[in-house]
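# Structural features, examined
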Amino acid sequence: DSRQRKAGGKRCSAYPIQRMTMLRTLCFSYLGILWLQEPVLPSDIIRWVREGHVPYMAVKELLPKHMKLGILDAHTFSVQAFPSYQAIHNNSVRLARFLQLPQLPQVDLSRVASRFILDLNLPAELHRLVQRLLQQRPLDPHLWCNRKDAMLNHEAVAMALIIVALKLLFGLDDNTERTLSESARDLQSKQTEGVKLFVFEDWMCWAMEKKELMATKGLPRTDRVPEETGEP
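The structure presented is a predicted model; accordingly, all values stated were derived computationally and were not measured. (Residues numbered from 1 in each chain as written. Predicted model: local features only at pLDDT ≥ 70, side-chain atom pairs only at ≥ 80, totals over all residues. Heavy atoms only, no water.)

### Thoughts on the environment of Leu95
Along the chain, Leu95 turns up in helix H4 (residues 85-98). The spatial distance from the C-alpha of Leu95 to the C-alpha of Arg24 is 7.6 Å, given a sequence separation of 71 residues. When near neighbours in sequence (up to four residues on either side) are disregarded, Leu95 contacts Ile17, Arg24, Cys27, Phe28 and Leu31. (Helix = DSSP H or I, 4+ residues; strand = E, 2+ residues; numbered from the N terminus. Contact = heavy atoms within 4.5 Å.)

### Structural notes on helix H6 (residues 126-136)
Buried within H6 are the following residues: Leu126, His127, Val130, Gln131, Leu133 and Leu134. Projected down its long axis, H6 carries its buried residues within an arc of 155°, all on one side. Away from its buried face, by an angle of more than 90 degrees, H6 presents the exposed residues Arg132, Gln135 and Gln136. As for H6, its buried residues are in contact with helix H5 (109-119) and helix H7 (154-170). (Buried < 20%, exposed > 50% of the residue type's maximum accessible area, 1.4 Å probe, protein only. Arc of directions from axis to C-beta.)

### Observations concerning the pattern of salt bridges
Per the counting criterion, the structure on display carries six salt bridges. Ionic pairing is found between Asp44 and Arg47, a salt bridge with its closest N-O pair at 2.9 Å. With Asp44 and Arg47 both in helix H2 (residues 42-50) and three residues apart, this pair spans about one turn of that helix. A residue is classified by how much of its surface remains accessible, and Asp44, at 2% relative accessible area, is buried. A salt bridge links Arg178 to Glu201; its shortest N-O distance comes to 3.4 Å. With Arg178 in helix H8 (residues 176-190) and Glu201 in helix H9 (residues 200-217), the pair connects residues that are 23 residues apart, well separated along the chain. Given a relative accessible area of 43%, Arg178 falls into the partly exposed group. A single salt-bridge network, built from bridges that share partners, covers Arg178, Arg185, Glu201 and Asp202. (Salt bridge = Lys/Arg side-chain N within 4 Å of Asp/Glu carboxyl O.)

### Some points on the nonpolar core
Counting 24 residues, the largest nonpolar core has Leu31, Ile45, Tyr56, Ile88 and Met151 as the members making the most contacts within it. Of all elements in the fold, only helix H1 (22-36), H2 and H4 reach the threshold of two or more residues within this core. The biggest single contributor to this core is H1, with eight residues. In terms of nonpolar packing, the next biggest core, distinct from the first, is built from 23 residues, Leu126, Leu133, Leu152 and Ile162 among them. (Core = buried A, V, L, I, M, F, W, Y, C linked by side-chain atoms within 4.5 Å.)

The structure is reproduced here in structure tokens:
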């Protein structure tokens, strides 16, 4: 077993990587993004690949015509499916371990959550509640990762925080949110022009209409900036 082999009295990496693949190229880029602390998430990379901004499925068409590919090369550049979030996540962990990288900078979960709040067209005030949740209950990575060397799924954690915040505000029990929506509509009718209140049921209708688009395009995809949430 290659995981158990020893060389020079030292144990070899538990994550042997024989060659690069197109997927690992994306993962290598993602590790660089994490290291530089750029506001780019795996869902961004997947969206860029699907939209053709990042060559992935038809890389061979971009190579010079005179290049001759061996069997392994042809296999490397013959990609049959788009990458999944889990594939990028797991292979990034494996690649980081193989390269013996030091601990990567922490991702700002508050900023990730603010991007999703904007993409989901939720009220910007929700961001402050998410921040309070993070302050009152600091995140324990061991609750989200089953191994010490695993990489935290920041997008899943950010979405979980948003769901908890919505639960605290609107109940989400098929009763409280309806009552609050009726009250919001009643208050909206009494407001002066230009004042727009958030109505949960109206937002749900919007979300259902956009559900198919979100499934194909992915999140995040907004052009709005996180500062709209009131983030300092």
